[in-house]
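Chains, contacts and geometry: an overview
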Amino acid sequence: ENASISFLLDTETGHIVDANAAAISFWGYTLEELRGMSISKISIVPSGKIIEVMSKIRDGNAHRIELYHRLKSGEIRDVEVFSGPLNYQGKILRYSVAHDITARKRAEEGLRLALTVFHTVKDAVTVTDPDNLIIMINPAFSSITGYFIDSYNVIINDAMIHNVVKTDWAELLDLINIKLIAYF
């Protein structure tokens, strides 16, 4: 038994032919309810992707797509579906495996939000690795201190170049404090 959500789809009718226990558990329907159910009752395709999805289903090739599935409870989940043709009892069907990616999508959105805050906050912010190597600074840090970071993780201030790998934090903090005092 496959732990992934798996189902067979009749592409001519758009109906589910069969589903595994993981699909039954995930969607909340019984196998009897699923068999013969239109996939459109479960699968929510964003309007901009309808033509793309239908084209991929009809072309007979394997494909991957992200969309939404509505559970029996009404909850909507993000899913990634891998699908390909399968000869089942003399008929070509679509064998699909779906993965719930809702948590991943929420985490990605959280990261986008955190990055937006990082880039727009008016306070100087640095991000360091476990060895205290500065790996990222925000625009406010550059604006306040005059230091910028290049693609080699080197902090640059006009004629001064500091390699951040072994930065003397006391010296850097003194420079920042001097700039902050001058800034305010």
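All of the points below concern the structure found in this document. These figures come from a predicted structure and were not determined experimentally.

**So, the overall build of the protein chain**
The secondary structure content of the protein chain amounts to 6 helices and 11 strands. Counting only residues that meet the buried cut, the protein chain has 35% of its 184 residues in that class. At a minimum sequence separation of 6, the contacts of the protein chain that also span at least 24 residues come to 30%.

**Topic: the sheet that holds strand E5 (residues 76-88)**
Note: strands within a sheet are paired through backbone hydrogen bonds, in either parallel or antiparallel orientation. Read from one edge of the open sheet, 6 strands run E2-E1-E6-E5-E4-E3, paired in antiparallel fashion. Every other strand in the sheet has two partners, leaving strand E2 (15-19) and strand E3 (43-44) as the edge strands with one partner each. As judged from the 2 bridges shared by E3 and strand E4 (residues 63-70), these two strands associate in the antiparallel manner. The partner of Ser 43 across the bridge, within E4, is His 69. The strands that helix H4 (residues 102-120) touches are E4, E5 and strand E6 (91-100); relative to E5, the one it contacts most, it runs at about 135°.

**Overview of the environment of Leu 9**
Within the secondary structure, Leu 9 sits in strand E1 (residues 5-10). Along the sequence, Leu 9 and Arg 94 sit 85 residues apart, while their C-alpha atoms lie 5.0 Å from each other. Sequence-distant contacts of Leu 9, that is, excluding residues within four places in its chain, are made with Gly 14, His 15, Ile 16, Val 17, Ile 39, Leu 93 and Arg 94.

**A word on the environment of Phe 7**
Tracing the chain through its elements places Phe 7 in strand E1. For Phe 7, a relative accessible area of 4% gives the class buried. Put simply, Phe 7 and Val 97 are 90 residues apart on the chain and 6.7 Å apart in space, counted from C-alpha to C-alpha. Leave out the neighbours within four places in its chain, and Phe 7 touches Ile 16, Asp 18, Ala 19, Trp 27, Ile 39, Arg 94, Tyr 95 and Ser 96.

**Quick look at the pairing of strand E8 (residues 134-137)**
Taken together, the 3 bridges between strand E7 (residues 126-128) and E8 define a ladder with antiparallel strand orientation. When the sheet's bridge partners are listed, Val 127 is paired in E8 with Met 136. In this structure, the hairpin formed by E7 and E8 is closed by a connection of 5 residues, where Asn 132 is found at a positive phi of approximately 65°.

**As for the pattern of salt bridges**
Under the defined criterion, the tally for this structure stands at 11 salt bridges. Residues Lys 91 and Asp 10 are paired through a salt bridge, measuring 2.6 Å at the closest nitrogen-oxygen approach. Residue Lys 91 is located in strand E6, and its partner Asp 10 is located in strand E1; the two are separated by 81 residues in the primary sequence. Taking the relative accessible area as the measure of exposure, Lys 91 reaches 32% and is therefore partly exposed.

Analysis parameters
- All chains use their own residue numbering, which begins from 1 and follows the written sequence.
- Totals for whole chains, interfaces and linings use every residue, but because this is a predicted model, local features are given only for residues with pLDDT of at least 70 and side-chain atom pairs only at 80 or more, for both listing and counting.
- Side-chain measures were taken over the full set of non-hydrogen atoms in the model, leaving aside hydrogen atoms and water.
- Strands are runs of DSSP state E lasting at least 2 residues, helices are runs of H or I lasting at least 4, and numbering of each runs from the N terminus.
- Under the scheme applied here, a residue whose accessible area is under 20% of the maximum for its type counts as buried, over 50% as exposed, and between as partly exposed, the area being computed with a 1.4 Å probe on protein chains only.
- It only takes one pair of heavy atoms within 4.5 Å for two residues to be counted as in contact.
- Paired strands are those between which DSSP finds at least two bridges.
- All axes are obtained by fitting lines to C-alpha atoms, using only the stretch in contact for helices, and the reported angles, taken between N-to-C directions, cover 0 to 180 degrees.
- One speaks of a salt bridge when a side-chain nitrogen belonging to Lys or Arg is within 4 Å of a carboxyl oxygen belonging to Asp or Glu.

Bear in mind that shape data such as this cannot, by itself, settle questions of function.
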